Amino acid sequence: VEFSPKGDTLIANVGNELWLFDANNPPKKISSNIQAIREPSWSHDGKFINYISVSSGRWKLYRINVDTLASEFVQDGVDFYRESPDGMYVVYRESVGEDYKIKYKNSDVVDLLNIDEGDYIHPNFVLRSQHVYFSKRIDANNIKVMAFSLKDKSLHDTGLFTTHDLKRISVSMDEKYIYMPSG
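Quick notes on the rules
Residues numbered from 1 in each chain as written. Predicted model: local features only at pLDDT ≥ 70, side-chain atom pairs only at ≥ 80, totals over all residues. Heavy atoms only, no water. Helix = DSSP H or I, 4+ residues; strand = E, 2+ residues; numbered from the N terminus. Rg over C-alpha atoms; globule rule 2.2 N^0.38 Å. Buried < 20%, exposed > 50% of the residue type's maximum accessible area, 1.4 Å probe, protein only. Contact = heavy atoms within 4.5 Å. Areas by Shrake-Rupley, 256 points an atom, 1.4 Å probe, with all protein chains shown as cover. Lys, Arg positive; Asp, Glu negative; His and termini not counted. Charge placed at Lys NZ, Arg CZ, Asp CG, Glu CD. Phe/Tyr/Trp six-rings, centres within 6.5 Å; stacked < 30°, edge-to-face > 60°. pLDDT = per-residue confidence, 0-100.

A few words now on the overall build of the protein. Secondary structure summary: the protein contains zero helices and 18 strands in total. Scaling as 2.2 N^0.38, a compact globule of 183 residues should have a C-alpha radius of gyration of about 16 Å, and the protein matches this with 16 Å. By residue count, 41% of the 183 residues in the protein fall in the buried class. In the protein, 29% of the contacts between residues at least 6 apart in sequence involve partners at least 24 apart. Working note: accessible area of the protein is about 10100 Å², and carbon and sulfur atoms make up 50% of it. Seen as two clouds, the 22 positive and the 26 negative side-chain charges of the protein have centres 2 Å apart.

As a further point, take the packing of aromatic side chains. As enumerated under the stated definition, the model contains nine aromatic pairs in all. When the ring of Phe-80 is compared with that of Phe-125, the centres are 4.9 Å apart and the planes differ by 40 degrees; the resulting orientation is tilted. In this pair, Phe-80 sits in strand β9 (residues 80-83) while Phe-125 sits in strand β13 (residues 125-127), placing the two residues 45 residues apart along the sequence. With a relative accessible area of 3%, Phe-125 lands in the buried category.

Residues other than glycine seldom take positive phi values, yet Leu-69 does so here, at roughly 65 degrees. Checked against the element boundaries, Leu-69 lands in the loop between β7 (58-65) and β8 (71-76). Note on Leu-69: relative accessible area 28%, which makes it partly exposed.

The predicted coordinates ought not to be read in detail in places where the model reports low pLDDT. On average, residues of the protein carry a pLDDT of 87, and 93% of them reach 70 or more. Confidence, expressed as mean pLDDT per element, reaches its minimum in the protein at strand β1 (residues 2-3) with 86 and its maximum at strand β10 (residues 89-93) with 95.

Spelled out as structure tokens, the structure:
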């Protein structure tokens, strides 16, 4: 589940379907029956929902227009894609075994994130204006929260740990607080 940038609408990936929820309307299924939906996320302006789907054996990036619910192909060969809330960069990965990358708006600069997951299941990413936060697997049962500085391109260990089952984190927009489940 992920709230829109304005915080008034929620997308949820339920099974193999993408649903849109808001307080003023009944829940609405917005994906077609033949699509395998993975990693849905909002565009920085809240006008689109980006998602990954497989077609002809390759992962592809698509987006759904929130107003018209029309889905359109965006890019081939991407198995993860997320825009920063300010629209200044995206984090993406081309395929399993490849590096996660940061591509900056209006620039050819691409930074590599030092994440050696090499897995089908992606780390939990939280994109903010100063850092990219992500969950990094330590072993089969433990996760630590890392932060990549967009300013000096350095990787920082936040000192926070959680279990693999509770890897989802959230970070306040001002980056003063990191929220983690415990159990």
